Amino acid sequence: MQDKKVVVTINSTGRQSASFIRVAAAVGWHVRAQTRDKQGIVAQELDSTEGVDLCVGSLEDEHFVAGLFDGAHLAFINTTHWGDEIATGRAMANAAKKAGVEHYIYSGMPDHSIYEGRSWKALPMWAQKFAVENYVRQIGIPATFVYAGTYHNNFTSLPYPLFRMELLADGSFEWQAPFHPDIPIPWLDAEHDVGPAILQIFKQGPRKWAGHRVPLAFSRLTPVEVCEAFSRALSRPVRYVRGPIVCEVPVPAGYQEHLAALEETLGWQNAPYFGPELEENCTKEALDLWEGFRDIEEYAREIFPVEERANGLTWMDDEETDTASEAPIRDVENHFQIMNL
């Protein structure tokens, strides 16, 4: 064990953490991976992975958290909105500092309300992450802050808001969102590409990356270009419609407010996703870290149908179209936990 890097992750069944855990374990690192329970396919996969110690416990338990970080060299921390995210973020940073963690990577997001001369509103769940980032900076731990682009993996034909790729009766798809059709959005395949990028930041170390914000986005595509990529991949017409966010299913507490701010700030006001400081060249550092990324057309062709099947959809098999509304709505809480809105 003394020859292995010991790295801590939390909320470890989420897309970002699980992506990193797989890569870290593959190169021989030892991962202490916190999770709330061992239920679900991802938890079972990680629990059976050599080098991964799946640690079940609450992040509100100080003794559990202290043990999680004891003797750890590194930490990749992606907090979620379940519970008090700011309190959790502070507790993780304090525990890491006390344990002498050498390099702390926090998955943050911008607060659009901080820019003077702009009328942009903060996206509530992103602003919480920005508050955590500021705290991590204040306590002086060697830290890097990664900002993840919009997940390819958010798309679903189930009636979830914002990234619904709605299957129509004629077999075509339609994506309705408030984003300008011709303004690029930064994208990333969370499951495929977060892990390798984070691993490279750790390998290059805090001397290079301490204090930096690193946008993780491997392409910038307009909504129209995204639909064109899906159309090529699925051999079906895919159309983009600029319109309001529609909520047809109940959403977790706080998401309605977040979606409303997102619709106004990133939608009708066309604010840059990462904020003006990082947006223009946001793919450069990510591509320098990892060139083997999965683009959105490959995702749509190879992975989207698999994820749809896992959600009970059979449109990829049937000659007659089955609409998403006829399929069961599965695991609503987990869907919103893994979305990077």
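An unreviewed UniProt entry annotates the protein chain as NmrA-like domain-containing protein originating from Aplosporella prunicola CBS 121167. UniProt's Sequence similarities (unreviewed entry) comment on the protein chain is quoted here verbatim: "Belongs to the NmrA-type oxidoreductase family."

### Observations concerning the overall build of the protein chain
Check the secondary structure of the protein chain and you find 12 helices and 13 strands. The C-alpha radius of gyration of the protein chain comes to 20 Å, within 12% of the 20 Å expected for a compact globule of 341 residues. A principal-axis box enclosing the C-alpha atoms of the protein chain has dimensions of 60 × 50 × 35 Å. In the protein chain, which comprises 341 residues, the proportion classed as buried is 56%. For the protein chain, contacts bridging at least 24 residues in sequence account for 75% of all contacts bridging at least 6.

### Describing the sheet that holds strand β8 (residues 165-167)
Adjacent strands of a sheet form backbone hydrogen bonds with each other and so pair up, either parallel or antiparallel. If you trace the three strands from one edge of the open sheet to the other, you get β8-β9-β13, paired in mixed fashion. At either margin of the open sheet sits one strand with a lone partner, and together these are β8 and β13 (238-242). For this sheet, the mean inter-axis angle between neighbouring strands, taken without regard to orientation, is 30 degrees. Two elements, β8 and strand β9 (residues 173-177), share three bridges in a ladder whose sense is antiparallel. Residue pairing for β9: leucine 167 is matched across the bridge by phenylalanine 173. Each of β8, β9 and β13 is contacted by helix α8 (residues 223-234), which is oriented at about 160 degrees to β13, the strand it contacts most.

### Regarding the sheet that holds strand β5 (residues 103-108)
Across the sheet, seven strands lie side by side as β3-β2-β1-β4-β5-β6-β11; this open sheet has parallel pairing. One side of each edge strand has no neighbouring strand; the edge strands of this open sheet are β3 (52-56) and β11 (213-216). Sheet twist, expressed as the mean angle between neighbouring strand axes with direction ignored, is 20 degrees. Where β5 and strand β6 (residues 143-148) come together, five bridges link them in parallel fashion.

### Some remarks on the packing of helix α1 (residues 15-26) against helix α6 (residues 190-204)
Where α1 contacts α6, the axes come no closer than 7 Å and their chain directions differ by 60 degrees. Between α1 and α6, the angle falls in the class oblique. Crossing angle aside, the handedness with which α1 passes α6 is right-handed. Between α1, through Arg15, Gln16, Ser19, Phe20 and Val23, and α6, the contact on the second element is made entirely by Ala190, Glu191, His192, Asp193, Val194, Gly195, Pro196, Ile198, Leu199 and Phe202. Broken down by class, the residue content of the contact of α1 with α6 amounts to eight nonpolar, four polar and three charged.

What counts and how
- Residues numbered from 1 in each chain as written.
- Predicted model: local features only at pLDDT ≥ 70, side-chain atom pairs only at ≥ 80, totals over all residues.
- Heavy atoms only, no water.
- UniProt positions renumbered as here; feature names shortened; annotations may be inferred.
- Helix = DSSP H or I, 4+ residues; strand = E, 2+ residues; numbered from the N terminus.
- Rg over C-alpha atoms; globule rule 2.2 N^0.38 Å.
- Buried < 20%, exposed > 50% of the residue type's maximum accessible area, 1.4 Å probe, protein only.
- Contact = heavy atoms within 4.5 Å.
- Pairing = 2+ DSSP bridges.
- Axes fitted to C-alpha atoms, helices over the stretch in contact; angles between N-to-C directions.
- Parallel < 35°, antiparallel > 145°, perpendicular 65-115°, else oblique.
- Left-handed = near helix turned anticlockwise from the far one by under 90°.
- Nonpolar A, V, L, I, M, F, W, Y, C, P; charged D, E, K, R; others polar.

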